[in-house]
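The residues making up each chain are set out below.
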Amino acid sequence: MHSVYVSAHCILKIICGHFFSFKCIYGEPGSSWSGNLEKLITFSLCACKNLEYLSATICGLQHLRELTLEGSIPGDLWQLENLEKLCLSMIEIPHLPDSICILKHLKSLKLEYIWDVEQLPENICRLECLEELGLTCCRSLRDIPSSICKMKCLKLLRLTYCDQVEKFSEELGCLECSEELVIKGCRYLQDIPSSICKMNCLKRLHLSYCDHVERLPEELGCLECLEELHLTDCIFLRDIPNSICSMKYLKSLKLSLCIRVEKLPEELERLECLKELNIEGVGISRLPQSIYQLNGLRIIGSRGQLMSYGLREISSYGLREIACLVT
């Protein structure tokens, strides 16, 4: 056993075939830890195969705020009533225990590389304080329960490489406090529900590598607070709704590698806050005349592409070619 005291933080490492890391926001010599386990604020456990042995200890930490688990879940997790952040990774379970939904103070829930989970608990809406829900590489996950639409505090919903998810609930727009929606690598997702146009606080909408999405909701322009609309490598996406010209706070529009997008909305001059337009690899043959009214707009694409639009002031920035409009 080896303990270290470092700048108001105490880190204890136990090396005996496995690695455990304990961290708290107060500082004291490692020798006095045994009497202060309940003061722990953050506990991290990596690649632990003896979790059953430590389960009682972990779940007895009533003041625990953050917990990351890899490999297994203790059965008494629900006892951590003050837990605010929970990350579960590389755990082989067919479904999540319903007891997670009892963690009434939970603000962040991340599920990463949990290959076998097919669905989330239907009563996940009981996590009334949840602000962030992140699902990464949950390859067997098929459905997102409609009950998540009752989470009034949810600000960030992120789905990354959840291959089997085909649709979202039409009630998604009930997430009126959400500020960020990120959907990446959901290959079988068919479309985006029109109800997202009711997400009045949304600032960032990122959609990438979603091969089957062909269109966006026509009323997308109702997202008046949107600052970033990033659409990357959505190879069957065809049209960008004209209504996006109503997004008066939009700063960044990315359409890179959306190869079937052939035109931009004609009234782009209304996007007065737009600073970056990425059209690299798209099928657009001409730019609308209105775009030249956007002074200082950076247009990103290949050099040949930018020159075909009549743009001559082209500079290189890393691996990108950029034209900046000056009127």
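Scroll up to find the structure.
Residues numbered from 1 in each chain as written. Predicted model: local features only at pLDDT ≥ 70, side-chain atom pairs only at ≥ 80, totals over all residues. Heavy atoms only, no water.

What follows concerns the nonpolar core. Ranked by internal contacts, the top residues of the largest apolar core, which has 88 residues, are L88, L109 and L135. Those elements that provide at least two residues to this core are β5 (66-70), β6 (85-89), β7 (108-112), β8 (132-136), β9 (156-160), β10 (180-184), β11 (204-208) and β12 (228-232). Not counting chain neighbours up to four residues away, the residues in contact with L88 comprise L69, I73, L96, I100, K110, L111, E112 and I114. (Core = buried A, V, L, I, M, F, W, Y, C linked by side-chain atoms within 4.5 Å. Buried < 20%, exposed > 50% of the residue type's maximum accessible area, 1.4 Å probe, protein only. Helix = DSSP H or I, 4+ residues; strand = E, 2+ residues; numbered from the N terminus. Contact = heavy atoms within 4.5 Å.)

Applying the stated criterion across every chain yields a total of 11 salt bridges. Note that E132 and R158 form a salt bridge whose closest N and O atoms lie 3.7 Å from each other. A residue pair is termed long-range when its members are at least 10 positions apart, and E132 in strand β8 and R158 in strand β9 qualify at 26 residues. The exposure class assigned to E132 is buried, which follows from its relative accessible area of 18%. (Salt bridge = Lys/Arg side-chain N within 4 Å of Asp/Glu carboxyl O.)

This part takes up a nonpolar patch on the surface. On the surface, a nonpolar cluster with roughly 300 Å² of combined accessible area is contributed by M90, Y113 and W115. Its location among the elements puts W115 in the loop between β7 and β8. Overall, W115 belongs to the partly exposed group, its relative accessible area being 39%. (Patch = residues over 30% accessible without salt bridge, like charges linked within 9 Å, V, L, I, M, F, W, Y side chains within 5 Å. Areas by Shrake-Rupley, 256 points an atom, 1.4 Å probe, with all protein chains shown as cover.)

Time to look at the environment of C245. Within the fold, C245 resides in the loop between β12 and β13 (252-254). A residue is classified by how much of its surface remains accessible, and C245, at 2% relative accessible area, is buried. Considered as a pair, C245 and E224 are 21 residues apart in the sequence and their alpha carbons are 9.7 Å apart. Once you skip the residues sitting within four places of it in the chain, C245 turns out to touch P265, E267, L268, R270 and L271.

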